[in-house]
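Each chain, written out:
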Amino acid sequence: MAATETSTATVPTLYTNTLRNAFGGVLSFFILLLIGVLAFSIRLFSVIKYESVIHEFDPYFNYRVTQFLTKNGIYEFWNWFDDRTWYPLGRVIGGTVYPGLTLTAGTIWWLLNSLNIPLSVETVCVFTAPIFSAFASWAAYLLTKEVKGAGAGLTAAALLAMVPSYISRSVAGSYDNEAVAIFALIFTFYLYIKTLNTGSLFYATLNSIAYFYMVCSWGGYTFIINLIPMHVLLCIVTGRYSSRLYIAYAPLVVLGTLLAALVPVVGFNAVMTSEHFASFLVFIIIHVVALVYYIKGILSPKMFKVAVTLVVSAGLAVCLAMIAVLIALVASSPTKGWSGRSLSLLDPTYASKYIPIIASVSEHQPPTWPSYFMDINVLAFLVPAGIIACFLPLSDASSFVVLYIATSVYFSGVMVRLMLVLAPAACITSGIALSQAFDVFTRSIKFQLPGVSSNAEVDAGETSSATAEAQNNVVKTEKTETSKDRPSRKSKKKEREHVEKPSTKAKAEKKRLLALPLEASFISLLLLVLLGAFYVVHCVWAAAEAYSAPSIVLTSHSHDGLHVFDDFREAYAWLRHNTDVDDKVASWWDYGYQTTAMANRTVIVDNNTWNNTHIATVGTAMSSPEKAAWEIFHSLDVKYVLVVFGGLVGYPSDDINKFLWMVRIGGGVFPHIKEPDYLRDGQYRIDSQATPTMLNCLMYKLSYYRFVETDGKGFDRVRRTEIGKKYFKLSHFEEVFTTHHWMVRIYKLKPPKNRIRGKTKKSKSKTSSTSSPRKSGTKKKNPWH
Amino acid sequence: MSRPSQSLPSHATLNQNPSSPISETKPKKGKKKEMAIFSTHLFLLLFITLSLFLVVSTAGSEPELVADLLTLQSESKSGVIHLDDRTVSKFLTSAKTPRPYSFLIFFDATQLHDKSELHLRELRQEFTLLASSFIANHNNSNTKLFFCDIEFRESQSSFHLFGVNSLPHIRLIGPTAKSLKDDSEQMNQGDVSRLAESMAEFVESRTKLTVGPIHRPPILSKKQLGLIVALLLIWSPFVAKKIFAGETLLHDSKIWLSGAVFVYFFSVSGAMHNIIRKMPMFLVDRNDPNKLIFFYQGSGMQLGAEGFAVGFLYTIVGLLLAFVTHVLVYVKDATAKRAAMLFAIFVSFWAVKKVIILDNWKTGYGIHGFWPSSWN
């Protein structure tokens with residue numbers, strides 16, 4: 001954007017420009033500061049519009065883990081066995097979470113407290129994501145600066161600060177892994193490119209550490225460990241091998257893999273699963289290639305030709321052997337070593353064919369074109385220009401950016417969730433495109449503006465872009481010479497200066513001719529600014545309207561003003577204050593994390609869906625008739641059952657709408673639950689046409705118990721019908737609490753009846769009351785007997 | 001019977017209801033054991049009492065039927081026996097129960113083969129695969145289960161007999177089934193999922209016969225594979241030479257450039273969505289069959305042509321911008337420059353505007369700024 005003014009590329013020979021460069025440096029520093037403020041503050045809409053609260057489901061778990069960490073210290077955290085979830089199994093937390101986010105927030109909290117700034121853990125957690133988005137935009141600046149200079153860097157940073165796709169995952173309160181992981185991703189890429197450009201082992205080591213942080217933070221680290229080998233392979237294949245490439249890659253694989261194996265949740269996966277094999281394969285290849293280049297260096301061309309056959313055949317043999325071993329390893333594992341999610345990336349139709357559970361998650365759907373416009377907005381228009389700019393001229397760094405955008409845009413096309421990985425790449429390429437376009441247009445205006453004709457003013461602006469090109473020339477010439485005689489760093493610098501001097505002068509002359517028509521460039525500039533303005537308005541709008549709802553507090557606007565639905569917290573607070581500390585609460589798994597974090601009660605299943613059978617048990621209970629459900633819940637020591645019901649206020653993602661999944665998952669393990677029993681002619685309905693199984697299942701009863709008393713008709717506002725069965729009593733459950741808008745209803749299991757009396761009565765009532773067609777053996781339906 | 005296509009409504013609606021994937025195929029363990037004990041007793045009794053007189057009465061016909069079936073099976077190429085009204089009555093309706101064999105029948109209709117949403121062809125192929133694998137796994141010595149198909153136009157009365165009025169339909173007729181309509185079992189739509197493996201699971205769970213591994217024909221035959229390997233071997237030295245010389249296509253950055261831009265175009269146009277969801281390029285308007293619908297209103301769905309059109313709009317702006325900044329500056333002629341730039345400006349402006357309007361039409365997209373309230 002402001003390449004001409006703010007370029008910090010040092011031009012040692014032109015001493016007259018040092019002041020100007022210093023000024024540019026200070027200016028870009030302040031611009032970066034403002035970009036950081038922008039990135040932070042655009043994410044505060046959720047706090048302003050709602051309140052400082054943790055969002056959604058998973059963040060509550062992270063918040064609870066962070067609380068535990070700050071209270072008990074890191075060693076306790078590492079060994080934490082959580083007995084509040086998955087009752088009666090419990091869950092090992094320390095070894096099954098990516099600890100990066102928790103440790104980061106814990107460290108920030110600890111640091112602030114030791115500075116006598118007494119912030120609560122919750123506050124720190126809420127604001128971790130905005131802080132790290134500021135870091136991410138700075139990392140984007142560094143990365144783009146390495147590729148195409150400071151101007152492009154600043155543009156990319158500004159774009160990244162407010163790209164909607166990233167905002168959606170990092171608003172204040174969205175305390176999830178992605179919040180820190182995107183920063184780690186960009187920073188790792190920056191350090192890789194920095195190493196590639198400098199060939200310094202220092203940066204290579206830093207790169208491994210950044211990679212370690214990424215592994216700690218997010219499962220998406222496999223993207224890095226596949227993308228970088230791909231780039232290395234690409235460089236080798238296109239004849240761009242250099243010692244810098246070796247330094248950038250080899251330490252990353254060795255150190256990075258060792259460090260990754262230190263993270264408990266990854267552990268030996270770092271060497272055992274196919275996601276990582278590409279890096280090892282390329283590791284072998286780069287060594288073979290390095291050997292070839294080394295031998296080429298020490299031998300005369302004739303000798304080399306003889307040697308090449310030897311080395312290549314030996315290297316090929318080694319490679320083939322290793323590949324055979326790898327294939328054997330991979331083939332011996334049942335899923336061929338790939339997890340279903342990775343496979344569905346490579347073969348997009350895989351998930352829809354074989355894994356309905358992955359295919360069913362809304363985050364894993366393939367996006368349509370409006371998603372791109374929503375999530376990266378006008379960047380979608382600019383990216384192709386950025387790709388082309390990366391090819392003119394093609395350097396190691398810019399080829400990496402091209403590879404990054406191409407792979408991430410493909411992946412985002414398969415899964416809408418990976419739009420998040422595309423967003424930084426889109427920002428970087430569009431930053432490059434915008435910056436170069438501004439460069440050309442402002443230059444054209446500057447040259448042709450009447451009154452401006454002095455030489456001195458123009459060449460200052462010229463030099464920066466000229467140096468960039470000159471540098472690329474250096475890279476090119478260096479490459480053609482290859483590493484035959486490795487020039488020391490000093491001589492390299494001298495050489496660079498040598499190349500620059502004539503080229504800058506020549507270029508300055510040449511540039512004069514490279515101007516575009518004045519008025520056309522003026523209009524283009526105006527339109528580009530307008531495009532940028534549209535982007536800003538869109539991003540602010542998206543941040544404010546689309547992505548800031550915490551989903552724990554709901555609001556709705558109607559003609560008589562704003563309505564706030566705070567039923568979830570009301571219910572959790574009720575549980576916290578009115579139930580015994582050891583009571584078990586059963587609900588569908590969506591509400592597990594929130595219940596443990598906010599109500600501090602033990603739950604049966606939660607959002608970490610590691611045990612399908614357990615979830616299926618709860619699903620079976622919810623889809624069974626009352627008595628069978630009571631038996632299942634009683635066998636699990638459950639005291640309270642919590643259901644979410646949106647029929648009164650029209651909250652669509654309630655349990656009745658999720659109910660078919662409970663039936664499906666329950667039926668997957670306990671075959672007496674059959675989905676067709678709940679469907680009338682293949683249609684899911686709860687009105688008078690509903691099947692008797694549906695009308696008698698626990699979920700229906702708990703949701704619609706006493707519902708008819710609200711309006712006299714029992715009209716469900718989500719399903720937009722009157723319910724099928726309006727008047728019924730509960731025999732095994734009693735209602736203990738219903739929130740203000742009926743969104744959460746809590747029931748208590750009635751105590752078991754007196755044994756002798758109960759037995760005779762129960763058998764009588766069963767024969768008389770149950771109208772279920774499948775009378776045969778109610779006992780068998782309880783999976784716990 | 002009237003037009004057959006009307007009497008055979010498609011399963012399209014049923015297909016869209018995903019049913020539980022495994023529930024049907026898992027047998028109840030407890031029940032099975034009881035059944036087994038019970039049935040052995042029953043079988044013994046039955047056998048002793050009935051065998052005498054059953055065997056006497058049908059002794060001649062039963063092995064005869066099996067032998068007939070075996071010859072029919074060996075006559076057909078894939079091992080699928082083609083049934084018609086006559087053979088249905090011979091092997092099923094008039095044969096006394098319990099028959100010594102089960103039938104797995106695939107109901108086919110040639111006139112519906114071109115209806116792609118029914119997948120009859122693919123299903124039929126999977127079915128024959130299952131049949132041939134089953135026969136191969138049992139070394140042609142199996143007499144328990146036979147795979148058959150019936151064609152609709154040839155044997156309409158049989159379709160009536162089975163009560164089949166919609167396709168695709170696969171039905172298992174057990175040895176004891178008396179009424180073909182009620183006692184036989186239909187393979188669940190969700191279970192079939194168009195693959196021989198899931199059909200085999202169905203068969204195994206119902207008949208207690210093992211099907212064994214499915215022998216899929218390799219994509220390339222052995223000869224072809226050998227030819228390809230030979231070609232590769234011959235070709236490889238040339239390739240190696242070129243790579244060392246640095247003259248391959250891979251070294252041409254133009255190819256990489258167009259590849260990258262194409263991948264970008266392909267992805268932002270939502271082509272992945274179209275492939276995974278198998279969306280058509282356009283729909284035919286229901287109200288007016290002569291009109292075609294290219295754009296689908298409502299987010300979460302898109303048509304093929306629509307995606308490519310918008311993908312083109314996305315891409316063209318960037319390409320024009322790159323053209324102006326990197327190519328046009330080198331043009332010497334000033335009027336050409338001006339004309340090209342004006343053209344680029346016009347097209348880009350139009351493309352951006354078009355995308356915004358389309359998005360607004362499709363998803364109701366509308367944004368507003370947050371201006372200070374004093375400005376109003």
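As the structure is a prediction and not an experimental result, all values here were calculated from the model. Within each chain, residue numbers correspond to sequence positions counted from 1 in written order. All chains are assigned letters beginning at A, and all ligands numbers beginning at 1, according to the order in which they are written. Per-residue local features are limited, in this predicted model, to residues with pLDDT of at least 70; the limit for side-chain atom pairs, both in listing and counting, is 80 or more; totals at the level of whole chains, interfaces and linings are taken over all residues. Remark: hydrogens and water are excluded; side-chain values derive from all non-hydrogen atoms of the structure.

Student: For the side chain of Thr195 of chain A, give the residues involved together with the corresponding values.
Tutor: Residue and element names in this part refer to chain A. Secondary-structure assignment places Thr195 in helix α9 (residues 177-198). By relative accessible area, which is 0% here, Thr195 ends up buried. Here, residues are in contact when the closest pair of their heavy atoms is within 4.5 Å. When residues no more than four places from it in sequence are discounted, the contact partners of Thr195 are Ser200, Tyr203, Ala204, Asn207, Arg244, Ile247 and Ala248. Only runs of H or I of at least four residues qualify as helices and only runs of E of at least two qualify as strands under DSSP, and these elements are numbered from the N terminus. Three exposure classes are used, based on accessible area relative to the maximum for each residue type with a 1.4 Å probe and protein chains only: buried under 20%, partly exposed in between, and exposed over 50%.

Student: Would you mind going over the packing of aromatic side chains in detail, with residue names and values included?
Tutor: The geometry of two aromatic rings is summed up by the distance between their centres and the angle between their planes. All names here are of chain A. Stacked, edge-to-face and tilted labels apply to pairs of Phe, Tyr and Trp rings (six-membered ring for Trp) whose centres lie within 6.5 Å, assigned for plane angles under 30 degrees, over 60, and everything in between, in that order. Following the criterion strictly, the structure yields 48 aromatic pairs over all chains and no others. With a centroid separation of 5.1 Å and an interplanar angle of 85°, the aromatic rings of Phe645 and Phe707 are classed as edge-to-face. Note that Phe645 is positioned in the loop between β7 (638-644) and α30 (655-669) and Phe707 in the loop between α32 (698-704) and α33 (708-711), a separation of 62 residues in sequence. According to the relative accessible area criterion, Phe707 is buried, its value standing at 0%. The positively charged end of Arg43 is found above the aromatic ring belonging to Tyr166, 4.9 Å away from the centroid. For Arg664, the ring lying beneath its charged end belongs to Trp661, and the centroid distance is 4.8 Å. Either the NZ atom of lysine or the CZ atom of arginine qualifies as a charge over a ring when it sits within 6 Å of the ring centre and within 35 degrees of the ring normal.

Student: Requested: an account of the packing of α9 of chain A against helix α21 (residues 396-414) of chain A, with residues and values cited.
Tutor: Each packed pair of helices is defined by two parameters, the angle between the axes and the distance between the axes. All names here are of chain A. Put simply, α9 and α21 touch, their axes get as near as 9 Å, and they point 150° apart. On the basis of the axis angle, α9 is roughly antiparallel to α21. α21 is crossed by α9, and the crossing has right-handed handedness. Side by side, α9 and α21 meet where Leu185, Phe189, Tyr192, Ile193, Leu196 and Asn197 of the first sit next to Asp396, Ala397, Phe400 and Tyr404 of the second. What counts as an axis is a line fitted to C-alpha atoms, over the stretch in contact for a helix, and the angles between N-to-C directions run from 0 to 180 degrees. The cut-offs work like this: below 35 degrees is roughly parallel, past 145 is roughly antiparallel, 65 to 115 is roughly perpendicular, and the gaps in between are oblique. Note on convention: near helix rotated counterclockwise from far helix by under a right angle means a left-handed crossing. Clockwise means right-handed.

Student: Please provide a residue-by-residue account of the packing of helix α10 (residues 201-217) of chain A against helix α12 (residues 243-260) of chain A, values included.
Tutor: Residue and element names in this part refer to chain A. The N-to-C vectors of α10 and α12 enclose an angle of 35°; their axes lie 8 Å apart at closest approach. Crossing of α10 over α12 shows right-handed handedness. Of the residues in α12, those in contact with Leu201, Ala204, Thr205, Asn207, Ser208, Ile209, Tyr211, Phe212 and Val215 of α10 are Ile247, Ala248, Pro251, Leu252, Leu255, Gly256, Leu259 and Ala260.

Student: An account of the pattern of salt bridges is requested, with residue identities and associated values reported.
Tutor: All names here are of chain A. Salt bridges are defined as contacts in which a side-chain nitrogen from Lys or Arg sits within 4 Å of a carboxyl oxygen from Asp or Glu. Summed over the entire model, instances satisfying the criterion amount to 23 salt bridges over all chains. One salt bridge in this structure joins Asp687 and Arg685, with 3.1 Å as the shortest N-O distance. Overall, Asp687 belongs to the buried group, its relative accessible area being 12%. Classification of Arg685 by relative accessible area gives partly exposed; the value is 27%. The network of salt bridges with common partners includes Arg706, Glu709, Glu735 and Arg745.

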